[in-house]
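Reading the structure
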Amino acid sequence: MSGRVRLKENNILDEDLPSLLEIVFKFLSENLSVVCDENKFDHNLELNEGVYIPNEICDRLLKYYQDCNQDINNHFIYIFRDTTRTPLKYVSLRNSSITDEGMEILLRHNLISLSMWYCDSVTTNSWRTLLEHSSQLKCLELGQHVDLLKFSEPNEKTPIDFQLNLPQLRRLTLNAVVLQPTLQFSHLKELSYLDLTSCIFAEFSLEALVSLPNLATLILFNVWPLEKEFKTLCRLKGLHTLDISVSNPTGFGIYKDPNLLLATLVENLPLLTHLDISGTNLAGTGVAQFETKEKVKSSDIPGLVSRANRPLQFLGLYNTAHSACRRYDIPAVTISGEANEEQILTSALVYQDRPNLLTKVLNDLYHLLRFEGCKSIHRALDVVLNAMDRHLRVKHMQISGSATLFYIVKGRDKSKFGTPLKNHIIRTLLNGMSQHLSDDTMMRNGCLTLCQFTIPNDVLFEYERLVRILLHGVSDTEQEGFVQRIAIYLLNSLACQVDGRQKLFLGDLGAISTMLSLINDRLTRNVFDDVMEVAWSTMWNVTDETAINCKRFLDGNGMEYFLGCLRSFPEKDELLRNMMGLLGNVAEVNVLRHRLMTSEFITVFANLLDSSSDGIEVSYNAAGVLAHIASDGAEVWSIETPSRREVLNRMVNAIERWDLQTERNINYRSFEPIFGLVRCYDIPECQHWAIWALANLTKVYPSKYCRLVEAEHGIELLYELLMHKGPYSRIKELARMVLDHCAQNNQMTLDG
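Residues numbered from 1 in each chain as written. Predicted model: local features only at pLDDT ≥ 70, side-chain atom pairs only at ≥ 80, totals over all residues. Heavy atoms only, no water.

1. Examining the overall build of the chain
Short version of the rule: Put simply, DSSP marks the helices as runs of H or I at least four residues long and the strands as runs of E at least two long, and each gets a number from the N terminus on. Based on C-alpha atoms, the radius of gyration is set beside the globule rule, defined as 2.2 Å times the residue count to the power 0.38. Exposure is judged per residue with a 1.4 Å probe applied to protein chains only, and the accessible area is read against the type maximum: over 50% gives exposed, under 20% gives buried, and values in between give partly exposed. Any two residues having at least one pair of non-hydrogen atoms within 4.5 Å are treated as being in contact. Note on areas: Shrake-Rupley, 1.4 Å probe, and residue coverage restricted to the protein chains presented here.
Counting its regular elements, the chain contains 29 helices and 18 strands. Computed over the C-alpha atoms, the radius of gyration of the chain is 35 Å, more than 25% above the 27 Å expected from 2.2 N^0.38 for a compact globule of 752 residues. Overall, the chain is about 110 × 60 × 55 Å in size when its C-alpha atoms are taken along their principal axes. Here the chain holds 752 residues, and the buried ones make up 55% of them. When contacts within the chain are restricted to residue pairs at least 6 apart in sequence, long-range pairs at least 24 apart make up 66% of them. Here the chain has roughly 33400 Å² of accessible surface; of this, 49% comes from carbon and sulfur atoms.

2. Some details on the packing of aromatic side chains
Note the cut-off: Only centres within 6.5 Å qualify two rings of Phe, Tyr or Trp (six-membered ring in Trp) as a pair; their planes then separate them into stacked at under 30 degrees, edge-to-face at over 60, and tilted for everything else. Criterion for a charge above a ring: Lys NZ or Arg CZ within 6 Å of the ring centre, and within 35 degrees of the ring normal.
Counting across every chain of the model gives 21 aromatic pairs. Ring geometry for W117 and Y118: centres 6.0 Å apart, planes at 50 degrees, overall tilted. Centre to centre, the rings of W224 and Y255 are 5.1 Å apart; their planes meet at 75 degrees, and the pair counts as edge-to-face. Of this pair, W224 sits in the loop between β12 (217–219) and α6 (230–233) while Y255 is found in the loop between β13 (241–243) and α7 (258–267), placing the two residues 31 residues apart along the sequence. For W224, a relative accessible area of 26% puts it in the partly exposed group. Taken together, the ring pairs connect Y668, F671, F675, Y701 and Y705 into an aromatic cluster. Between R171 and the ring centre of Y193, over which it is positioned, the NZ or CZ distance is 3.7 Å. The lysine or arginine in question, R354, covers the ring of F221, its NZ or CZ lying 4.1 Å from the ring centre.

3. With respect to the packing of helix α23 (residues 617–630) against helix α24 (residues 644–657)
Heads up, the condition is: All axes are obtained by fitting lines to C-alpha atoms, using only the stretch in contact for helices, and the reported angles, taken between N-to-C directions, cover 0 to 180 degrees. Left-handed describes a crossing whose near helix is turned anticlockwise from the far helix through less than a right angle; right-handed describes the clockwise counterpart. Here the nonpolar group is Ala, Val, Leu, Ile, Met, Phe, Trp, Tyr, Cys and Pro; Asp, Glu, Lys and Arg are the charged ones; every other residue, Gly included, is treated as polar.
Interhelical geometry of α23 versus α24 gives an angle of 140 degrees and a closest axis separation of 10 Å. The two elements α23 and α24 cross, and the hand of that crossing is left-handed. Taking contact as the criterion, the partners of S619, A623, L626, A627 and A630 in α23 are, on α24, R644, V647, L648, M651 and A654. Looking at side-chain class alone, the contact of α23 with α24 contains 8 nonpolar, 1 polar and 1 charged residues.

4. Points about the confidence of the model for the chain
Using the following cut-off: As a per-residue quantity, pLDDT reports the predictor's confidence and falls between 0 and 100.
Per-residue confidence for the chain averages 89 on the pLDDT scale, and 93% of its residues sit at or above 70. Within the model, the stretch residues 1–15 combines pLDDT values under 50 with 28 contacts to residues more than four positions away or in other chains.

5. Topic: the nonpolar core
What counts, and what does not: We define a nonpolar core as any set of buried Ala, Val, Leu, Ile, Met, Phe, Trp, Tyr and Cys residues linked to one another through side-chain atoms lying within 4.5 Å.
Core analysis: the largest hydrophobic core is formed by 160 residues, its most contacted members being W536, F553, F562, F605 and W689. In contact with F553, other than residues within four places in its own chain, are I512, L516, W536, M539, G558, M559, L582, L583 and V586. Counting 93 residues, the second largest nonpolar core, distinct from the first, contains L106, L111, L315 and I335.

6. Focus on helix α4 (residues 100–107)
Along α4, the positions that sit buried rather than exposed are G102, M103, I105, L106 and L107. The inward-facing, buried residues of α4 abut α3 (74–77), β5 (90–94), β6 (113–117) and α5 (125–132).

7. Regarding the sheet that holds strand β18 (residues 332–336)
In plain terms, the rule: We treat two strands as partners when DSSP finds at least two bridges between them.
If you trace the 10 strands from one edge of the open sheet to the other, you get β5-β6-β7-β8-β10-β12-β13-β14-β17-β18, paired in parallel fashion. Two strands bound the open sheet, and with one partner strand each, they are β5 and β18. With strand direction ignored, the average angle separating the axes of adjacent strands in the sheet is 5 degrees. Where strand β17 (residues 312–316) meets β18, 4 bridges bridge the pair, whose relative direction is parallel. Bridged to L315 within β18 is I335.

8. As for the pairing of β6
This is how it is decided: Looking down the strands as they point away from the viewer, one classifies a crossover as right-handed if the path from the first strand across the helix to the second runs clockwise.
Summarising burial for β6: 5 of the 5 residues are buried, a large majority. Going residue by residue along β6, you find S113, S115 and W117 tucked away on one face and L114 and M116 tucked away on the opposite face as well. Of the strand pairs in this sheet, β5 and β6 are connected by 5 bridges, and their pairing is parallel. Note that in β6 the partner of Y90 across the bridge is S113. Viewed along the sheet, the connection from β5 through α4 into β6 turns out right-handed.

So this is what it looks like as structure tokens:
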């Protein structure tokens with residue numbers, strides 16, 4: 001069952017739902033232990049006994065594992081050691097750390113197709129292995145940073161002696177290889193596609209290609225000089241596609257007689273449908289010429305006048321001399337160039353495997369989106385994601401692509417993006433950020449683009465990886481830098497409204513210590529900024545119902561920083577609220593409360609009961625801290641001043657000053673800590689604070705908190721309190737209010 005279903009809801013088309021096979025790939029990628037175990041000696045993954053995986057799944061599992069930013073290394077490749085139980089046919093490797101040892105395992109599968117890009121740990125030794133197992137190889141692509149046919153030293157141009165003993169080969173791509181005059185092609189009778197991008201002709205001549213009967217596509221991108229080869233090119237009569245473009249026109253791509261050269265070439269290649277002359281001057285100066293026989297149509301590219309009545313299917317004119325792509329009469333159906341949106345999008349699609357050129361195209365697309373607008377947003381998104389996915393290591397590509405993504409995601413069409421597409425955008429951004437963590441521009445672009453999504457809901461599927469990236473951005477950037485500020489903002493958003501497991505993960509990765517380090521830095525320099533404020537807010541969120549994170553705060557001298565901030569910035573309302581909210585979480589942990597029992601801390605909390613900072617929030621949280629501390633009983637009140645009775649009286653006076661209708665800047669996921677104080681019959685003052693909190697919250701936010709009271713069996717607890725003799729009248733009065741609020745909310749729900 002590999003079919004797909006397409007949904008339409010609220011006039012928004014969602015992306016194709018994942019097929020059953022894709023679900024299988026995802027599950028296997030995330031749970032490799034289902035089919036294999038790790039060898040305890042060398043840590044290689046070994047397929048379990050009795051497991052057989054069909055070729056269709058093996059090929060696509062390899063691709064999916066890679067697409068999810070997993071490294072295809074020797075340990076992983078070991079799964080495919082048995083060619084009968086895990087057969088491979090079509091292998092494409094990008095950004096892989098695989099070595100010759102892993103390649104030996106792959107090549108023993110007698111592959112039909114092998115594509116490699118950015119695999120710089122593979123050496124020329126693997127070429128000999130490939131030739132031993134090449135009887136079925138029909139497609140071979142050796143892209144950038146693959147050294148099967150090159151020495152690995154930087155800028156080394158010394159050729160190696162290799163032969164293309166690949167009898168079934170139909171497609172061959174070589175990148176930046178030094179070609180020797182002894183290199184033979186004549187035996188490759190099946191070869192129809194040949195890409196020699198950036199190859200160096202060390203006395204090699206295209207004459208070696210003339211005898212190839214099926215050669216239809218020849219790519220000579222960034223091969224220069226070529227002028228002496230034009231006579232030979234004219235003899236390749238079977239060519240449908242010819243690319244003689246260059247990426248850097250300065251010093252390259254400039255021909256002495258461009259009009260005549262191009263005209264002669266095109267007239268001698270009758271089957272030609274696709275031609276790329278980007279970066280050259282072969283399009284001439286743009287003076288129109290008429291077709292000499294019929295004189296019906298003209299061409300603003302003199303060398304193509306013979307095709308005026310028979311236009312090419314594709315013509316590459318990106319970055320040509322004299323702005324050829326902006327001319328009017330161009331004899332081609334589709335054109336790559338920089339003149340308009342269609343040309344730019346075509347360029348981005350056609351030049352996907354030319355990272356330097358593609359980076360320029362993405363810059364053009366960025367300016368189009370930013371200053372002019374783009375009509376084909378989904379096409380633009382496709383080419384940007386594809387470019388970033390294919391060239392993860394190219395920093396400028398990632399920077400340009402992420403800047404372009406920002407303007408795409410920021411636009412109105414974002415509402416039409418389904419979940420799979422959003423996930424793809426986010427995963428691509430995180431891949432680029434992970435690869436280029438030390439680059440501030442990449443981090444800034446990535447963070448700004450992520451801010452356009454709904455946090456945390458849209459990023460929960462990559463929660464752990466995003467947290468790691470953001471913590472690095474917060475801690476490893478320059479003081480008070482923009483990246484630090486936006487990263488801590490995102491980190492705080494991630495810490496809010498997530499479950500305890502994720503809060504625990506944040507703490508395990510060092511979120512508390514990172515925030516404390518930021519606060520210490522600001523205190524040392526006597527600087528108050530939004531980073532300090534958000535650092536306290538993040539710790540407030542991370543410590544919520546997470547005892548170990550509360551302990552980490554105390555162990556990291558958090559109380560010293562609290563007192564320091566209180567002394568240095570007493571008038572900063574939101575800072576004070578965030579700090580007291582955090583201490584409220586700490587006070588809820590019974591095994592930690594004794595660490596707050598000092599005269600200095602209790603005096604500070606008691607004095608904050610009278611605070612009007614941020615409405616009632618600071619006073620409310622101070623009372624909550626004191627209520628929890630006092631609930632442990634008189635025997636644990638180990639200080640003489642202030643006295644326990646004095647503090648409890650001040651707490652009740654503060655509670656009675658608060659307005660029950662006050663709107664709150666607080667979010668409770670559970671009332672269990674408050675219900676614990678409701679049960680504290682020996683100390684009614686603690687009950688008073690808890691019941692007031694429930695009365696306020698159920699009155700101001702009935703739909704949310706009445707439901708929470710009922711779900712956690714609070715109604716029974718309140719009736720029990722009303723029947724008890726201990727609580728004084730004001731407590732019972734507030735309890736009745738809570739019950740009334742819940743009853744009214746239930747009635748409104750029924751009426752609704």
